[in-house]
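Here is what each chain is made of, one letter per residue.
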Amino acid sequence: MTDSFVCSLCAEGPRDPVTIPCGDTFCLECIKMYWDQCDHAGIYSCPQCRATFTPRPHLRRNVPNVGPRDTSTPSPALPPLPSLKRDSLCDFCTGRRKPAVKSCLVCLAYYCEVHVKPHYESATFKRHKLVDETGHLDRKVCPQHEKGLELFCRSDQMCVCVLCTVREHRGHNTVSAEEERADKQKVLVVTHSEVHHIIQERMKELQDLRHNVEVLKGNAHRAQAASDKIFSEMLQSVERWHAEMCQLIQANLQAAMTQAQGYVERLEQEIMELQRRDAELRQIIDTEDNIHFLQNFLALSVAPEPMVPKVLINPEFSFSEVTKTATDMKEHLDDICKKELGNVSKKVSDTPVYVLIPRTGGRFKAPTRADLQEPKTRADFLRYSVRLTFDPNTAYKELILSDGNRRVTRKRSTQFYPDHPDRFDGFCQILCAEPLSGFRHYWEAEWSGEFSVGVAYRSISRKGKNSHSLLGYNDRSWSLLCSDSGYSAWHNKMDKSLPGTARPTRIGVYLDYAGNSVAFYAIAESMELVHRFQAKFSEPLYAGFGVGASVSLCSLENPQTFR
């Protein structure tokens with residue numbers, strides 16, 4: 001076994017290789033899926049050499065020099081699988097018996113390389129049938145008459161000998177084993193073709209599932225990174241508001257302290273004046289000079305006017321109001337977070353990650369789109385609604401954004417946008433900012449003037465007036481052109497005129513990313529399918545628009561009811 005081993009079932013490199021009893025090697029998962037289709041018959045064959053095994057062989061990894069996909073942790077060497085064939089010995093050897101290489105269905109005996117030669121050389125044995133299978137000859141003998149099983153009873157569906165047709169199966173519909181084998185061979189060829197077809201389908205499903213799991217992981221990583229960034233910004237915002245609250249408290253405290261200091265200084269000055277008057281009054285009261293007493297009486301007999309009003313702390317003023325406001329802000333934030341997290345948690349819980357489609361019974365049949373339980377009513381579609389916003393960095397130079405980047409209007413004058421590598425400079429187009437992948441998404445847009453709506457990879461060209469940057473006219477985008485005269489669908493330089501006349505000015509877009517389809521609906525009294533693209537998406541998609549006059553992204557939290 002070398003590193004160049006390729007599994008014949010999936011035509012890919014080794015993944016947990018195993019060797020089955022005939023010596024051929026396959027991926028463990030591939031041969032298991034192949035043999036799962038044979039469980040109903042109980043006979044298991046090699047897809048390469050067609051050797052059959054009963055019962056189903058046990059599979060173990062046994063190739064030490066062909067590791068799994070993760071080469072950093074190679075699988076340990078394991079012993080090869082034991083062969084399930086019985087070691088048959090030649091019936092004609094004397095002494096030490098040699099291994100048998102052929103068995104005769106007429107002689108019901110095993111032969112080694114030496115003793116089988118008469119069967120090739122003598123005319124006596126020309127009617128005998130040699131086979132490579134050298135085991136279970138006892139199953140080729142009638143247990144009742146000990147004669148070779150040469151016939152097949154179609155009435156009882158079993159192999160019989162010649163004597164069986166005389167008594168037990170007398171009058172039954174019997175044919176030769178060769179004839180019955182030829183008839184049943186045709187059935188097995190058809191079944192084998194169907195099994196091979198279903199294997200290819202399963203392999204494709206396996207590849208798609210692995211791809212979608214990787215897409216799911218990528219979406220989770222991007223959501224985690226976006227969540228970390230947003231909550232980091234929220235923390236910075238909270239810290240900024242905290243700083244402003246602290247600044248407010250300190251500013252009020254400083255103003256109050258400055259005002260109080262003025263009152264303190266004036267009170268101290270008034271106390272000093274009163275103390276001086278008190279000293280003068282004590283002196284005049286204690287004097288024995290009557291003339292001096294009378295001359296100063298008038299000046300000292302009147303109490304001085306108060307210099308400072310009485311200062312009290314206003315009981316209605318308190319910094320507890322600031323504390324209450326901070327508490328209210330925290331509770332509001334908690335309420336918003338609980339509500340929004342509850343909404344998104346419910347939406348995520350109600351949206352299954354995987355859609356399980358039951359396999360149809362009887363003949364193999366590929367699942368139809370009806371098996372995927374497509375939404376039918378507008379309420380069904382709204383379960384997958386997403387809120388989108390236009391990306392200003394992609395806007396053509398004549399477009400003006402408004403309503404929180406939810407409406408775009410074309411003006412016949414150049415807007416002064418900064419240069420950006422994401423900006424369309426050849427066509428009047430714009431993309432939304434939110435990447436779409438994973439499962440299902442739905443949004444609606446209202447339009448006026450000629451208008452195109454679709455989805456595109458981020459890698460779509462933005463520069464120049466050519467097919468590489470025109471929405472729907474390359475292999476990086478899919479779009480629907482809408483006008484007063486009708487619709488046309490565009491993808492990869494192919495446009496298809498669609499029947500009907502464009503009347504509604506609201507278009508719904510339903511992206512089934514996992515189902516590899518994007519559909520456009522005219523929304524009026526009912527959901528009218530305009531066109532559906534089938535594709536295999538390999539990157540996250542972005543909603544895109546070609547703007548004739550104006551386009552508005554519709555709010556679906558309170559969806560409009562059409563009457």
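Our structure's up above, just so we're on the same page.
A quick note: this is a predicted structure, and the numbers were derived from the prediction, not measured. (Residues numbered from 1 in each chain as written. Predicted model: local features only at pLDDT ≥ 70, side-chain atom pairs only at ≥ 80, totals over all residues. Heavy atoms only, no water.)

Moving on to the sheet that holds strand E7 (residues 130-131). Backbone hydrogen bonds are what pair the strands of a sheet, in a parallel or an antiparallel way. On the basis of which strands lie adjacent, the open sheet formed by three strands has the order E6-E5-E7 and antiparallel pairing. A single partner strand is all that each edge strand has here, and the edge strands are strand E6 (109-111) and E7. (Pairing = 2+ DSSP bridges. Helix = DSSP H or I, 4+ residues; strand = E, 2+ residues; numbered from the N terminus.)

As a further point, take the pairing of strand E23 (residues 550-553). Where burial is concerned, the two faces of E23 agree: the one with Ser550 and Ser552 and the one with Val551 and Leu553 are both buried. Looking at chain direction, strand E12 (residues 407-410) and E23 are connected through three bridges and run antiparallel. Residue Val408 lies in a different strand from E23, and its bridge partner there is Val551. Judged from the four bridges that link them, strand E14 (residues 440-448) and E23 form a sheet pairing that is antiparallel. Looking across to E23, one finds that Trp447 is bridged to Val551. (Buried < 20%, exposed > 50% of the residue type's maximum accessible area, 1.4 Å probe, protein only.)

Attention shifts here to the pairing of strand E19 (residues 506-512). Within E19, seven of the seven residues are buried, leaving the element largely enclosed by the surrounding structure. Alternating positions in E19 separate into two faces, Arg506, Gly508, Tyr510 and Asp512 on one and Ile507, Val509 and Leu511 on the other, with burial throughout. Sheet topology note: the E14/E19 ladder contains seven bridges and is antiparallel. The partner of Arg440 across the bridge, within E19, is Asp512. The pairing of E19 with strand E20 (residues 517-523) spans six bridges and is antiparallel. Along E20, the bridge assignment pairs Asp512 with Ser517. As consecutive antiparallel partners, E19 and E20 are separated by four residues, and within that stretch Asn516 has a phi angle of approximately 55 degrees, a positive value.

To continue, consider the sheet that holds strand E10 (residues 174-176). One open sheet accounts for three strands, arranged E9-E8-E10; its pairing is antiparallel. Two strands in the sheet have a free side with no partner beyond their single neighbour: strand E9 (158-160) and E10. When the angles between neighbouring strand axes are averaged without regard to direction, this sheet yields 35 degrees. Here strand E8 (residues 151-153) runs beside E10; their pairing, made up of three bridges, is antiparallel. What sits directly across from Leu151, in E10, is Ser176. Across the face of the sheet, helix H3 (residues 177-286) comes into contact with E8 and E10 while running at roughly 90 degrees to E10. (Axes fitted to C-alpha atoms, helices over the stretch in contact; angles between N-to-C directions. Contact = heavy atoms within 4.5 Å.)

Here the focus is the nonpolar core. By size, the foremost hydrophobic cluster in this structure holds 42 residues, and its most contacted members are Phe390, Ile430, Trp443, Trp478, Val518, Phe537 and Phe545. Element by element, the count of residues in this core is highest for strand E15 (residues 451-457), at four residues. With residues up to four places along the chain from it excluded, the contact list for Phe537 reads His211, Tyr457, Trp478, Leu511, Asp512, Tyr513, Asn516, Ser517 and Val518. The next biggest cluster of nonpolar side chains, apart from the first, holds 21 residues, and it includes Cys7, Phe26, Tyr34 and Met203. (Core = buried A, V, L, I, M, F, W, Y, C linked by side-chain atoms within 4.5 Å.)

One pass over the structure, following the stated rule, counts 16 aromatic pairs. Ring geometry for Phe390 against Phe545: centres 5.6 Å apart, planes inclined by 80 degrees, an arrangement best described as edge-to-face. In this pair, Phe390 is assigned in the loop between helix H6 (378-382) and strand E11 (399-402) and Phe545 in strand E22 (residues 541-546), connecting sequence segments 155 residues apart. The rings of Phe381, Tyr384, Tyr442, Tyr510 and Tyr521 are connected pair by pair, giving a single aromatic cluster. The residue whose ring lies beneath Arg462 is Phe424, and the NZ or CZ to ring-centre distance is 5.4 Å. (Phe/Tyr/Trp six-rings, centres within 6.5 Å; stacked < 30°, edge-to-face > 60°. Lys NZ or Arg CZ within 6 Å of the ring centre and 35° of its normal.)

With that settled, consider the state of the cysteines. All chains considered together, the criterion is met by zero disulfides. Looking at Cys107, it has no disulfide partner, and the nearest cysteine sulfur is the one in Cys104, 3.6 Å off. The exposure class assigned to Cys107 is partly exposed, which follows from its relative accessible area of 30%. (Disulfide = S-S within 2.5 Å.)

This paragraph deals with helix H1 (residues 28-36). Leu28, Cys30, Ile31, Tyr34 and Trp35 are the residues of H1 that are buried. Along the axis of H1, the buried positions cluster into a sector of 165 degrees, meaning they face one direction only. Check the buried side of H1 and you find it contacts strand E1 (17-19), strand E2 (25-27), strand E3 (44-45), strand E4 (52-53) and H3. (Arc of directions from axis to C-beta.)

Once that is clear, we can look at the pattern of salt bridges. The full count for this structure, using the stated rule, is 23 salt bridges. A salt bridge links Glu180 to Lys184; the shortest N-O distance between them is 2.3 Å. Of this pair, Glu180 and Lys184 are both found in helix H3, four residues apart, which corresponds to roughly one turn of the helix. Under the relative-accessibility criterion, Glu180 is labelled buried at 5%. Judged by its relative accessible area of 35%, Lys184 falls in the partly exposed class. The partner of Glu280 in a salt bridge is Arg276, and the shortest N-O contact between them spans 2.9 Å. Residue Glu280 and its partner Arg276 are both found in helix H3; the two are separated by four residues, about one turn of the helix. Using a relative accessible area of 30% as the deciding quantity, one classes Glu280 as partly exposed. (Salt bridge = Lys/Arg side-chain N within 4 Å of Asp/Glu carboxyl O.)

Here the focus is the side chain of His169. When you line up the elements, His169 lands in the loop between E9 and E10. For His169, a relative accessible area of 6% puts it in the buried group. Of note is the side chain of His169, whose polar atom sits 2.9 Å from the side chain of Asp156. For His169, the contacting residues outside a window of four places in its chain are Cys153, Asp156, Met158, Val160 and Cys164. (Polar contact = N/O pair within 3.5 Å; in protein donor to acceptor, adjacent residues only side chain to side chain.)

On the surface, Ile230, Phe231, Met234, Val238 and Leu333 cluster together to form a nonpolar patch covering roughly 420 Å² of accessible area. For the nonpolar patch, the element with the most residues is H3, which contributes four residues. Here Val238 is to be found in helix H3. The partly exposed category is assigned to Val238, whose relative accessible area is 43%. (Patch = residues over 30% accessible without salt bridge, like charges linked within 9 Å, V, L, I, M, F, W, Y side chains within 5 Å. Areas by Shrake-Rupley, 256 points an atom, 1.4 Å probe, with all protein chains shown as cover.)

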